[in-house]
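# Reading the structure
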Amino acid sequence: MAAPRLSLKGRALRYLSMREHSRLELGRKLARHAEEGDDVEALLNFLEKNNWLSQERFSEALIHRRSARFGNSRIVAELQSHGINGEALQELKAGLSEDETARCCAVWQRKFGAVAADQNERNKQVRFLMQRGFSQRAVQAALKGVDLDDVFFE
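The present account deals with the structure reproduced in this document. (Residues numbered from 1 in each chain as written. Predicted model: local features only at pLDDT ≥ 70, side-chain atom pairs only at ≥ 80, totals over all residues. Heavy atoms only, no water.)

## Overview of the pattern of salt bridges
Inspection of every chain in the model, using the stated rule, returns 7 salt bridges. One salt bridge in this structure joins R5 and E35, with 2.6 Å as the shortest N-O distance. With R5 in the segment before α1 (8-18) and E35 in the loop between α2 (23-31) and α3 (40-49), this pair connects stretches of sequence that are 30 residues apart. Looking at R5, the relative accessible area reads 64%, which means it is exposed. Since its relative accessible area comes to 47%, E35 is described here as partly exposed. Measuring nitrogen to oxygen at the nearest pair gives 2.5 Å for the salt bridge that ties E25 to R19. Assessed through its relative accessible area of 11%, E25 is described here as buried. Classification of R19 by relative accessible area gives partly exposed; the value is 31%. The structure contains a network of salt bridges with shared partners spanning R23, E41 and E48. (Salt bridge = Lys/Arg side-chain N within 4 Å of Asp/Glu carboxyl O. Helix = DSSP H or I, 4+ residues; strand = E, 2+ residues; numbered from the N terminus. Buried < 20%, exposed > 50% of the residue type's maximum accessible area, 1.4 Å probe, protein only.)

Laid out in structure tokens, this is it:
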């Protein structure tokens, strides 16, 4: 026996029960299942009004998931792709920049653990960290072997 079809609201609540979604992302997912007469925008407004859909919670969850592995520019680009812009994005960027050097050092330590002996290996380490979205300042600090205790107590 086939499972009954979920309404658009039921589908939205199921998506939100699994993880936080941005308004743009949830709208895209729901638009695929919307039938004629369904108003996706009205449903998204209803979910936001009842605090079931929150851009702030989504942003915090995304930053929490990504910050241990990626740098500021990569996280900010992902936030922008999910429709987070304006003043909220500027506040999030300011919060991220506080601990970027420490996060970069931690990623470098997990991946490499030792300062490169030759220039080719050093370039490989720089490329790896830059592709992860870390700033040049954070990468240089990580490659100099900055002690993590110094970074946390600045």
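Here the narrative resumes.
## Let's talk about the packing of aromatic side chains
Per the stated rule, a full pass over the model turns up 2 aromatic pairs. Here F46 and W52 contribute two aromatic rings whose centre-to-centre distance is 5.8 Å and whose plane-to-plane angle is 75°, an arrangement assigned as edge-to-face. Since its relative accessible area comes to 29%, F46 is described here as partly exposed. On the basis of relative accessible area, W52 is assigned to the partly exposed category, the value being 38%. Judged by centre distance (5.5 Å) and plane angle (90°), the rings of F112 and F128 are edge-to-face. (Phe/Tyr/Trp six-rings, centres within 6.5 Å; stacked < 30°, edge-to-face > 60°.)

## Looking at the side chain of R23
Tracing the chain through its elements places R23 in helix α2. Classification of R23 as buried rests on a relative accessible area of 18%. At a separation of 2.7 Å, a polar atom in the side chain of R23 contacts the side chain of E41. A distance of 2.8 Å separates a polar atom in the side chain of R23 from a polar atom in the side chain of E48. (Polar contact = N/O pair within 3.5 Å; in protein donor to acceptor, adjacent residues only side chain to side chain.)

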